[in-house]
Structures are given as structure tokens and as C-alpha cells.
Amino acid sequence: MPRSMMAAAATAALCYLGLCAVLFAFQRSLIYLPQPCPQAAVAGAVSLPVDGAEILVTVRERAGAPAVIYFGGNAEVAPRAVPELAEAFPDSALYLPHYRGYCGSTGSPSEEALLADALAVYDMVRRRHDSIVVIGRSLGSAVAVHLAGSRPVTGLVLITPFDSLAAVAARHYPFFPVRLLLRDRFDSRSRAAQVAAPTLILAAEHDEIVPRGSTENLHAAFRPGLSRLVVIPQTGHNTVPMLSEFAELLREMR
């Protein structure tokens with residue numbers, strides 16, 4: 001091989017390795033996307049001390065009533081989901097955790113931190129309510145699956161969920177060894193069998209983020225007959241909650 005071609009190949013390889021290094025170093029900034037949060041949402045939230053941080057939880061109180069814990073997407077302002085949840089669960093208490101680094105919560109988000117914080121939120125809610133439905137949307141679906149597999153819950157709802165973040169990321173970055181580089185894997189498929197609660201899975205017909213096969217793989221990983229998959233027509237990854245039938249579907253889990 002001519003020396004010039006060898007030099008070009010070496011340069012290309014170094015560039016590729018450099019891009020892999022950048023992707024590895026900044027991967028969490030691609031996964032977690034905190035958005036500007038209304039000051040009222042911060043001021044009105046309950047503070048919960050957790051290991052190494054303090055997270056906020058938006059709460060709509062209903063003493064003695066059933067409870068709903070909601071985990072939002074990676075670019076979602078959790079308090080903004082209150083109206084949809086209130087419509088679906090008018091008589092339930094609502095708890096919407098703000099992930100670390102999101103909407104007034106301290107610390108930095110990671111898989112380990114989010115999963116541990118979810119258990120802390122559950123333990124707080126459990127002291128007040130005997131019946132708890134857990135809902136997770138997109139990234140939050142992985143948090144919800146982990147929680148439902150670790151604690152007793154009345155029901156589980158997963159909105160545009162995936163089987164594992166590694167599988168989805170590999171599809172979006174096919175030219176990089178994502179499965180080797182990824183630190184936060186959110187492998188819901190391996191945890192689904194631990195869930196004992198009835199589970200409703202809502203998939204978008206035209207999901208541009210999570211492939212249908214990823215959601216179907218997750219659905220198949222639950223115990224036989226435990227989960228139900230509903231594909232919402234004419235919706236994308238971010239438009240499922242805008243559907244008029246969305247609240248009615250959630251009401252099935254009350």
C-alpha cells in the first residue's frame with residue numbers, strides 16, 4: 001500500500017477514534033436534556049433528600065386516595081404532565097419526580113441515580129398510600145419498569161417505551177460501537193420479568209425515536225398475559241399524550 005494511502009487510513013482511524021472518545025465523554029449530555037422550568041413548578045414542589053442530592057417532586061395531594069407516580073421523558077418538564085394525569089386520575093394523588101439536574105433538583109442524572117431516586121420516591125409515597133400506579137414515558141419507562149420490578153405496585157403504564165437504551169442508541173448511531181461505549185444502558189427487557197403488576201404499553205404508530213420492534217421486544221419480555229400493547233394511530237413519539245383517547249386509556253389502570 002502506498003505510503004500516502006497508509007497515512008490517509010491512519011488519519012481516518014484516528015479521527016474515528018477521536019469521535020468515539022467524544023461520544024463516550026459527552027454521552028450523558030445526549031441522553032439527558034433538562035429543559036427550562038417555570039419557577040412556580042420549583043417553588044410548589046416537595047423536596048426529597050436522596051443520596052448525594054436533593055430532588056423535587058411535584059405533588060397533587062389526595063389524602064388516603066390511591067396514588068400515581070409519573071416518570072417523564074428525557075427532555076420533559078415533569079410538572080407539565082399534571083393536567084393530563086389529573087384528567088385520567090381525578091381522585092388519585094399525583095407524584096411527579098424531577099430528575100437530578102432537572103427543574104430545580106440538584107445533582108447530575110445517571111442511570112444509577114435515577115433508579116435509586118425512584119425507589120426513594122416510592123418509599124415516600126408508600127408511607128401515605130396503599131395503592132400506587134406507576135407511569136413512565138420514554139426514558140421514564142425504564143425507570144418505571146425498574147421500580148415496578150423492585151416494589152409492589154397496583155399497575156404499570158409505559159408510554160412509548162423501549163427494550164433497552166443501548167439497542168435504540170445503536171440504531172441512531174450505527175457507525176459507532178455504541179453498545180461498548182454506553183454507560184447508562186436502561187435495559188428494561190432484562191427487568192420486565194420481575195414485574196408482577198398488570199401492565200399497559202402505549203406505542204406510537206409513527207414513533208420516530210423508538211422503533212416499533214423495540215417496544216414489541218419489551219412487551220414480549222413480560223410474563224405471559226401480564227402486559228397489553230396498544231398502538232396509538234396517527235401519533236409520533238411526542239404526541240401520544242395529545243390524543244383525546246389518552247386519558248381514557250390511562251383510566252383503565254385506576
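In what follows, the structure referred to is the one given above.
The text that follows walks through the structure, step by step, so that each part is easy to find. (Residues numbered from 1 in each chain as written. Predicted model: local features only at pLDDT ≥ 70, side-chain atom pairs only at ≥ 80, totals over all residues. Heavy atoms only, no water.)

**Side note on the state of the cysteines**
Stage number 1. Counted under the stated rule, the structure contains one disulfide.
Stage number 2. Shown here is the disulfide that connects Cys-37 with Cys-103, its sulfur atoms set 1.7 Å apart. Placement of the pair is Cys-37 in the loop between α2 (27-31) and α3 (39-43) and Cys-103 in the loop between β4 (93-97) and α5 (111-126), with a sequence separation of 66 residues.
Stage number 3. Taking relative accessible area as the criterion, Cys-37 reaches 23% and is therefore assigned partly exposed. (Disulfide = S-S within 2.5 Å. Helix = DSSP H or I, 4+ residues; strand = E, 2+ residues; numbered from the N terminus. Buried < 20%, exposed > 50% of the residue type's maximum accessible area, 1.4 Å probe, protein only.)

**A closer look at the layout of surface pockets**
Stage number 1. Approximately 820 Å³ is the volume found for the largest pocket.
Stage number 2. Taken together, 34 residues line the largest pocket, and the ones lying closest to its centre are Ile-31, Asn-74, Ser-138, Ile-209 and His-237.
Stage number 3. Listed by contribution, the elements that provide at least two residues to the lining of the largest pocket are α1 (3-25), α2, α4 (82-88), α7 (165-172) and α8 (178-181).
Stage number 4. Per-element accounting of the lining of the largest pocket gives the leading share, four residues, to α7.
Stage number 5. Its residues assigned to classes, the lining of the largest pocket shows 23 nonpolar, seven polar and four charged. (1 Å grid on protein atoms, 1.4 Å probe; cavity = no way out; pocket = protein on both sides within 12 Å on 5 of 7 lines; lining within 4 Å. Points joined across faces, edges and corners; volume = space filled by probe spheres on them. Nonpolar A, V, L, I, M, F, W, Y, C, P; charged D, E, K, R; others polar.)

**Describing the pairing of strand β6 (residues 155-159)**
Stage number 1. Within β6, five of the five residues are buried, which leaves the element mostly enclosed by the surrounding structure.
Stage number 2. The two faces of β6 match: Gly-155, Val-157 and Ile-159 on one face and Leu-156 and Leu-158 on the other face are all buried.
Stage number 3. As judged from the five bridges shared by strand β5 (residues 132-137) and β6, these two strands associate in the parallel manner. Bridge assignment links Val-134 to a residue of β6, and that residue is Leu-156.
Stage number 4. Once you follow β5 into helix α6 (residues 139-150) and on to β6, the crossover reads as right-handed.
Stage number 5. Both β6 and strand β7 (residues 199-204) contribute to a ladder of four bridges, which runs parallel. Within β7, the residue paired with Val-157 across the bridge is Leu-200. (Pairing = 2+ DSSP bridges. Right-handed = clockwise from strand over helix to strand, strands pointing away.)

**Overview of helix α10 (residues 212-221)**
Stage number 1. Within the sequence span of α10, burial applies to Ser-214, Thr-215, Leu-218 and Ala-221. For α10, the arc enclosing every buried residue in end-on projection is 120°, short of the 170-degree limit, so these residues lie on one face.
Stage number 2. As for α10, its buried residues are in contact with β6, α7, α9 (188-191), β7 and β8 (227-232). (Arc of directions from axis to C-beta. Contact = heavy atoms within 4.5 Å.)

**Considering the environment of Arg-128**
Stage number 1. Relative to the elements of secondary structure, Arg-128 occurs in the loop between α5 and β5.
Stage number 2. Spatially, the C-alpha atoms of Arg-128 and Pro-66 are 9.3 Å apart, while their sequence positions differ by 62 residues.
Stage number 3. Not counting residues within four places of it along the chain, the set of residues in contact with Arg-128 comprises Glu-61 and Tyr-95.

**Points about empty space enclosed by the protein**
Stage number 1. With the rule as written, the count across this model stands at two cavities of 30 Å³ or more.
Stage number 2. Computed from the structure, the largest cavity encloses a volume of approximately 80 Å³.
Stage number 3. Gln-35, Gly-72, Gly-73, Glu-76, Val-77, Ala-78, Pro-79, Pro-97, His-98, Tyr-99, Tyr-102 and Cys-103 together form the lining of the largest cavity.
Stage number 4. One number sums up the size of the second largest cavity: a volume of about 50 Å³.
Stage number 5. For the second largest cavity, the full set of lining residues is Ile-55, Phe-71, Pro-97, His-98, Tyr-99, Arg-100, Leu-114, Asp-117, Ala-118, Val-121 and Val-143.
Stage number 6. If you tally residues by element for the lining of the second largest cavity, the top one is α5, at four residues.
Stage number 7. Looking at the lining of the second largest cavity, its residues break down into eight nonpolar, one polar and two charged.

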